Amino acid sequence: MKFGVVTFPGSNCDHDMIDALRYDLGQEVIELWHKDKDISTFTTQDCIILPGGFSYGDYLRCGAIARFSPMMQSVIEFANKGGRVIGVCNGFQILCEAGLLPGVLLRNENQQFVCKNIFLKSENTATSLTKDVTGRPLMIPVAHGEGRYYADDATLDSLFKYNQVLFRYCDEFGNIVDAANPNGALRSIAGICNKERNVFGMMPHPERATSAALNNRDGQLIFQSLIANN
Ligand SMILES: NC(=O)CC[C@H](N)C(=O)O
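Note that the structure is predicted; figures quoted are calculated from it, not measured.

### As for the pattern of salt bridges
Now for step 1: Summed over the entire model, instances satisfying the criterion amount to 10 salt bridges.
Now for step 2: With a closest N to O distance of 3.9 Å, Arg 208 and Asp 16 form a salt bridge. Placement of the pair is Arg 208 in the loop between strand E11 (199-202) and helix H5 (218-228) and Asp 16 in helix H1 (residues 14-24), with a sequence separation of 192 residues.
Now for step 3: Salt-bridge contacts for Lys 121 lead to Glu 123; the nearest nitrogen and oxygen are separated by 4.0 Å.
Now for step 4: Because the salt bridges share partners, they merge into one network encompassing Lys 121, Glu 123 and Arg 168.

### Quick word on the nonpolar core
Generally speaking, soluble globular proteins have nonpolar side chains that are buried together.
Now for step 1: Within the largest apolar cluster, 64 residues are counted, with the highest numbers of intra-cluster contacts made by Leu 21, Ile 48, Ile 49, Leu 120 and Tyr 149.
Now for step 2: For Leu 21, the contacting residues outside a window of four places in its chain are Phe 3, Val 5, Gly 26, Gln 27, Val 29, Ile 49 and Phe 223.

### Thoughts on the side chain of Ser 211
Now for step 1: With respect to the secondary-structure elements, Ser 211 resides in the loop between E11 and H5.
Now for step 2: Accessibility expressed as a relative area gives 14% for Ser 211, which makes it buried.
Now for step 3: In this structure the side chain of Ser 211 is engaged in a polar contact, spanning 2.9 Å, whose partner is the backbone nitrogen of Ala 213.
Now for step 4: Look past the residues within four positions of Ser 211 in its chain and what remains in contact with it is Asp 24, Asn 216 and Arg 217.

### Side note on the UniProt feature "active site" (unreviewed entry) in the protein
Now for step 1: Per the UniProt record, "active site" (unreviewed entry) is annotated on Cys 89, His 205 and Glu 207. The annotated residues occupy 119 residues of the chain but converge on a single region, no pair of C-alpha atoms lying more than 11.1 Å apart.
Now for step 2: Among the structural elements, His 205 can be located in the loop between E11 and H5.
Now for step 3: Relative accessible area serves as the criterion here: at 1%, His 205 is assigned to the buried category.
Now for step 4: With residues up to four places along the chain from it excluded, the contact list for His 205 reads Cys 13, Gly 52, Val 88, Cys 89, Ile 140, Pro 141, Val 142 and Ala 143.
Now for step 5: Within the fold, Glu 207 resides in the loop between E11 and H5.
Now for step 6: Given the relative accessible area of 3%, Glu 207 is considered buried.
Now for step 7: Among the polar contacts listed, one links the side chain of Glu 207 to the side chain of His 205, at a separation of 2.8 Å.

### Examining the site of the ligand
Now for step 1: Surrounding the ligand, one finds 14 residues, the nearest of these being Gly 53, Asp 58, Ala 143, Gly 145 and Glu 146.
Now for step 2: Contacts to the ligand include Gly 53, whose backbone N or O atom sits 2.7 Å from an oxygen atom.
Now for step 3: For the ligand, an oxygen atom lies 2.8 Å from a polar atom in the backbone of Glu 146.
Now for step 4: Contributing elements (two or more residues each) for the shell around the ligand: helix H3 (90-97) and strand E7 (138-144).
Now for step 5: Within the shell around the ligand, the residues separate by chemical class into five nonpolar, seven polar and two charged.

### Observations concerning the packing of aromatic side chains
Now for step 1: For the structure shown, the criterion picks out two aromatic pairs.
Now for step 2: On the numbers, 6.2 Å between centres and 25° between planes, the contact of Phe 54 with Phe 113 is stacked. Remark: Phe 113 occurs in the loop between strand E5 (104-106) and strand E6 (114-122) and Phe 54 occurs in the loop between strand E3 (47-50) and helix H2 (70-80); sequence separation between them is 59 residues.
Now for step 3: With a relative accessible area of 45%, Phe 113 lands in the partly exposed category.
Now for step 4: Plain terms: the ring middles of Phe 92 and Tyr 149 are 6.1 Å apart, the flat faces sit at 10° to each other, and that makes the pair stacked. With a gap of 57 residues between them, Phe 92 in helix H3 and Tyr 149 in strand E8 (residues 148-150) connect regions that are remote in the sequence. Each member of the pair, Phe 92 as well as Tyr 149, carries the same accessibility label: buried.
Now for step 5: Over the ring of Phe 42 we find Lys 2, and its NZ or CZ is 4.8 Å from the ring centre.
Now for step 6: Sitting over the ring of Tyr 162, Lys 195 keeps its end group 4.5 Å from the ring centre.

Rules used in this analysis
Residues numbered from 1 in each chain as written. Predicted model: local features only at pLDDT ≥ 70, side-chain atom pairs only at ≥ 80, totals over all residues. Heavy atoms only, no water. Salt bridge = Lys/Arg side-chain N within 4 Å of Asp/Glu carboxyl O. Helix = DSSP H or I, 4+ residues; strand = E, 2+ residues; numbered from the N terminus. Core = buried A, V, L, I, M, F, W, Y, C linked by side-chain atoms within 4.5 Å. Buried < 20%, exposed > 50% of the residue type's maximum accessible area, 1.4 Å probe, protein only. Contact = heavy atoms within 4.5 Å. Polar contact = N/O pair within 3.5 Å; in protein donor to acceptor, adjacent residues only side chain to side chain. UniProt positions renumbered as here; feature names shortened; annotations may be inferred. Near = heavy atom within 4 Å. Nonpolar A, V, L, I, M, F, W, Y, C, P; charged D, E, K, R; others polar. Phe/Tyr/Trp six-rings, centres within 6.5 Å; stacked < 30°, edge-to-face > 60°. Lys NZ or Arg CZ within 6 Å of the ring centre and 35° of its normal.

Below, the structure written as structure tokens:
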């Protein structure tokens, strides 16, 4: 399989993602530009990633302008054919704005940008991204101003009912407690997928935790699960 990483104007985690996949995980990576549309070399075995950043300066709402990029039309078609798409942080925001994932990311409850390590509990072994992520909580960094996952009660209930919640914020022992929730996300939701389980969004940054040089390789477990369960 190969990965495509889309750069939008204002992306700033695209090269972190490319480096993590290429050098820490040894994967083939194609760099994609938001104004291009041709992803015909990608098959449904492959994966497109929307990385983090501040696309279009976060104007209107985070991701609200990027979702109109020409590349997004191709990404939506790719996802509808069953190709896997992952959005991290701003990428998650873009996927929600594009309607590929339900809900929205609102400004953090404390109105502050939050940048720190948090713990994540994997909630779901039914998706390729999380299948092999079992056992202890993962330590992964977050860095966002608008990461508070919000959806109406019916949507939240449906996410749990259909096993679409990927990750929840927890303490270092795996307990879901308010104090471990960095942004006020409803039901401590940190990541979700669509019903078909091929579109994934998460606020924390696994690509910032794939290298021994960073003293944290917990993020590798997430990418390795995706690669192993292709
Ligand atoms: N690291 C990021 O992707 C930041 C996402 C977004 N711009 C926010 O602050 O919420």
